[in-house]
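Chain by chain, the residues run as shown.
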Amino acid sequence: MKDSIRHLIQQALARLTDDGVLPEGLTPAIQVENTKDKSHGDFASNIAMMLAKPAGLKPRELAEKLIAALPQDAQISKVEIAGPGFLNFFQNSDALAGRLEAALADPQLAVRKAAAAQRVVIDLSSPNLAKEMHVGHLRSTIIGDAVGRVLEFLGDEVIRQNHVGDWGTQFGMLLAYLEEKPAAAESELADLEQFYRAAKQRFDESAAFADRARELVVKLQAGDADCLRLWTRFNDISLSHCQKIYDRLNVKLSPADVKGESAYNAELPGIVEALREKGLLTEDNGAQCVFLDEFKNAEGNPLPVIVQKAGGGYLYATTDLAAMRYRSQVLHADRVLYFVDQRQALHFQMAFEVARRAGFVHAGMQLEHMGFGTMNGADGRPFKTRDGGTVKLIDLLDEAEQRAYALVKDKNPQLDEAELRQIARAVGISAVKYADLSKHRTSDYRFNFELMLSFEGNTAPYLLYAYTRVASVFRKLGKGIDEIDGRIRLDAEQELALAAKLAQFGELLNNVGEKGEPHLLCSYLYDLAGLFSSFYEHCPILAADNEEQKQSRLRLAALTGKTLKQGLELLGLEPLERM
Ligand code: ARG
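Residues numbered from 1 in each chain as written. Predicted model: local features only at pLDDT ≥ 70, side-chain atom pairs only at ≥ 80, totals over all residues. Heavy atoms only, no water.

Colleague: Which residues make up the overall build of the protein, and what values do they have?
Modeller: In terms of regular secondary structure, the protein is built from 21 helices and 13 strands. By its C-alpha atoms, the protein is 85 × 70 × 40 Å across when sized along the principal axes. For the protein, long-range pairs separated by at least 24 residues make up 72% of all intrachain contacts whose partners lie at least 6 apart in sequence. Surface exposure of the protein reaches about 26,100 Å², of which carbon and sulfur atoms provide 49%. Once the 68 positive and 81 negative side-chain charges of the protein are each reduced to a mean point, those two points are 1 Å apart. (Helix = DSSP H or I, 4+ residues; strand = E, 2+ residues; numbered from the N terminus. Contact = heavy atoms within 4.5 Å. Areas by Shrake-Rupley, 256 points an atom, 1.4 Å probe, with all protein chains shown as cover. Lys, Arg positive; Asp, Glu negative; His and termini not counted. Charge placed at Lys NZ, Arg CZ, Asp CG, Glu CD.)

Colleague: Talk me through the site of the ligand; I want residue IDs and the actual numbers.
Modeller: Lining the immediate environment of the ligand, one finds Asp123, Ser126, Asn128, His163, Tyr316, Asp320, Tyr338, Val340, Gln344 and Phe348. One of the side-chain N or O atoms of Asn128 is found 2.8 Å from a nitrogen atom in the ligand. One nitrogen or oxygen atom from the side chain of Asp320 is found 2.8 Å from a nitrogen atom belonging to the ligand. Protein contacts shield 86% of the accessible area of the ligand, which totals 350 Å² for the unbound molecule. Split into classes, the residues belonging to the shell around the ligand amount to four nonpolar, four polar and two charged. (Near = heavy atom within 4 Å. Polar contact = N/O pair within 3.5 Å; in protein donor to acceptor, adjacent residues only side chain to side chain. Nonpolar A, V, L, I, M, F, W, Y, C, P; charged D, E, K, R; others polar.)

Colleague: So what about the UniProt feature "domain: Arginyl tRNA synthetase N-terminal" (unreviewed entry) in the protein? Which residues, and what values?
Modeller: What UniProt calls "domain: Arginyl tRNA synthetase N-terminal" (unreviewed entry) maps, in this numbering, to residues 3-91. Along residues 3-91 one finds 40% helix and 21% strand; the C-alpha atoms at either end are 13 Å apart. (UniProt positions renumbered as here; feature names shortened; annotations may be inferred.)

Colleague: Outline the side chain of Arg335, listing residues and values.
Modeller: Relative to the helices and strands, Arg335 resides in strand β10 (residues 335-338). With residues near it in sequence (within four places) discarded, Arg335 still touches Gln118, Arg119, Val120, Val121, Leu151, Met365, Gln366, Glu368, Met370, Gly513 and Glu514.

Colleague: Which residues make up the side chain of Glu261, and what values do they have?
Modeller: Structurally, Glu261 can be placed in the loop between α10 (225-248) and α11 (268-277). Comment: no salt bridge for buried Glu261; closest opposite-charge side chain is Arg327, at 9.8 Å. When sequence neighbours within four positions are dropped, the list of residues in contact with Glu261 reads His163, Val164, Gly165, Asp166, Trp167, Tyr316 and Thr319. (Buried < 20%, exposed > 50% of the residue type's maximum accessible area, 1.4 Å probe, protein only. Salt bridge = Lys/Arg side-chain N within 4 Å of Asp/Glu carboxyl O.)

Colleague: Got a sec to walk through the layout of surface pockets? Specific residues and values, please.
Modeller: Approximately 710 Å³ is the volume found for the second largest pocket. Along the wall of the second largest pocket there are 28 residues; nearest its centre are Met1, Ala503, Gly506, Glu507 and Asn510. Of all the secondary-structure elements, those providing two or more residues to the lining of the second largest pocket are α1 (2-18), α4 (93-104), α18 (493-502), α19 (505-515) and α21 (547-570). Looking at which element gives the most residues to the lining of the second largest pocket, the answer is α19, with six residues. Here the lining of the second largest pocket is built from residues that sort into 14 nonpolar, six polar and eight charged. (1 Å grid on protein atoms, 1.4 Å probe; cavity = no way out; pocket = protein on both sides within 12 Å on 5 of 7 lines; lining within 4 Å. Points joined across faces, edges and corners; volume = space filled by probe spheres on them.)

Colleague: So what about the UniProt feature "domain: DALR anticodon binding" (unreviewed entry) in the protein? Which residues, and what values?
Modeller: According to UniProt, the "domain: DALR anticodon binding" (unreviewed entry) feature falls on residues 463-579. Secondary structure content for residues 463-579 is 68% helix and 0% strand, and the end C-alpha separation is 12 Å.

Pasting the structure below:
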């Protein structure tokens with residue numbers, strides 16, 4: 001719709017140029033926005049204000065001429081001038097109703113990707129193995145999952161890559177601990193976190209142990225068979241912990257998506273060699289570095305990307321370069337999105353630049369770091385357990401489900417135990433996910449059980465409940481959401497407002513996919529639920545004035561239900577039919 005308005009304005013501008021009102025050669029970027037207040041129409045453009053100066057007219061004068069020059073269009077009922085010279089476009093309600101009918105008839109809800117379909121690699125979750133996942137891994141996992149779902153819905157081919165840290169120094173510690181206490185393998189390995197902590201304690205208290213751990217990392221990375229066997233075992237246990245969490249979180253990740261750091265091990269010497277051949281390497285204190293002029297430290301000296309340590313070891317950045325090359329040359333990605341903590345922003349900027357200069361990635365490949373802020377506790381400080389330890393993700397999810405259970409039981413005491421449990425699970429997990437997804441990606445936020453489980457405000461319970469309200473209309477009616485005949489007719493103000501919102505779903509999803517920002521989808525669904533609520537209050541559905549109106553309202557409710565459901569699913573939440 002915005003595109004067709006842009007096109008209309010384009011034509012008006014061309015006419016005014018022909019008439020000599022506007023000078024030749026202007027190519028303004030035409031901005032069209034959704035209006036907030038429907039009394040100002042549905043779309044607004046500031047084009048008259050932008051071009052008033054070159055035209056030598058007052059903005060309102062130019063706006064008048066523009067309106068006179070706009071071609072007729074069936075979608076637009078009228079255009080008005082507002083304020084200092086905005087053009088306000090009112091959409092024709094029949095045309096709007098027609099667009100909603102098209103959405104209702106389409107399993108894709110008439111959503112299409114505006115640009116060409118792409119092959120997109122999503123780097124997400126990527127915890128460091130051998131420890132259990134903690135809350136810090138939550139954001140990457142669920143934000144990346146939601147964006148992946150949206151892109152898939154838009155028609156992109158999405159390849160998920162779980163770039164787990166499975167090759168780091170932590171393994172030396174675990175190997176050293178097993179060597180020292182072989183019996184621990186049987187007793188303690190079952191609780192990996194416990195095992196890790198015991199090993200870490202030995203590492204911190206004994207220099208000899210720490211030395212042995214470092215030796216063992218070298219041995220492992222050199223391919224020692226015994227070390228590798230144990231390492232595989234640690235990884236298997238650790239990955240199966242992760243998988244349990246992914247399943248519980250309803251995240252689309254499977255063992256097949258794991259491509260960890262170790263997978264690039266054999267490529268690393270070649271990466272350094274290729275950089276050398278390109279003349280990009282500089283030796284600095286025995287380490288192999290790439291210096292990039294545009295990245296400088298506080299003293300103004302260029303910062304290096306270190307790709308090989310003086311001792312010969314490779315680094316995080318080296319592996320990322322190998323992964324980029326793989327994603328370009330083997331996966332043929334058009335776009336690669338990295339859902340990784342904002343604090344790694346500089347690492348990615350530099351690594352992307354090195355990969356481009358070295359020709360590791362094809363020129364058209366988009367590389368985007370989708371950084372995110374920190375999840376803090378309710379006190380605004382980094383999230384910690386009462387005794388100061390890191391919070392395990394699994395404990396957090398358990399608590400969310402317990403709290404949701406109490407809440408749902410309180411609201412709905414007559415539910416039977418099995419259904420209660422199932423609803424509590426969906427509400428608890430959805431609440432945790434939604435609280436995260438609804439925040440702006442790059443901001444830090446406070447984790448707060450009370451707020452996220454509230455039935456009021458922009459929360460999962462509110463939205464899940466809104467969907468059950470729509471579902472209950474059809475339950476009462478005894479008909480499926482797809483079994484409603486008739487046509488949508490938009491008369492009441494609340495119907496028009498709801499309809500205009502519904503018609504924005506496709507544009508909104510395109511935005512989410514481009515920017516990698518699921519919070520936009522959350523706000524959209526929250527607004528949609530609010531508009532449905534006032535429609536529901538003011539426009540009786542089952543008690544409508546006549547059959548035609550009843551069918552029309554049912555169809556509007558049906559599209560609202562489908563849009564809410566699709567939206568929740570794209571966020572990775574589980575819509576419930578009742579709660
Ligand atoms: N394992 C890393 C960490 O926990 C995240 C890896 C992100 N992905 C990447 N390609 N570097 O910090």
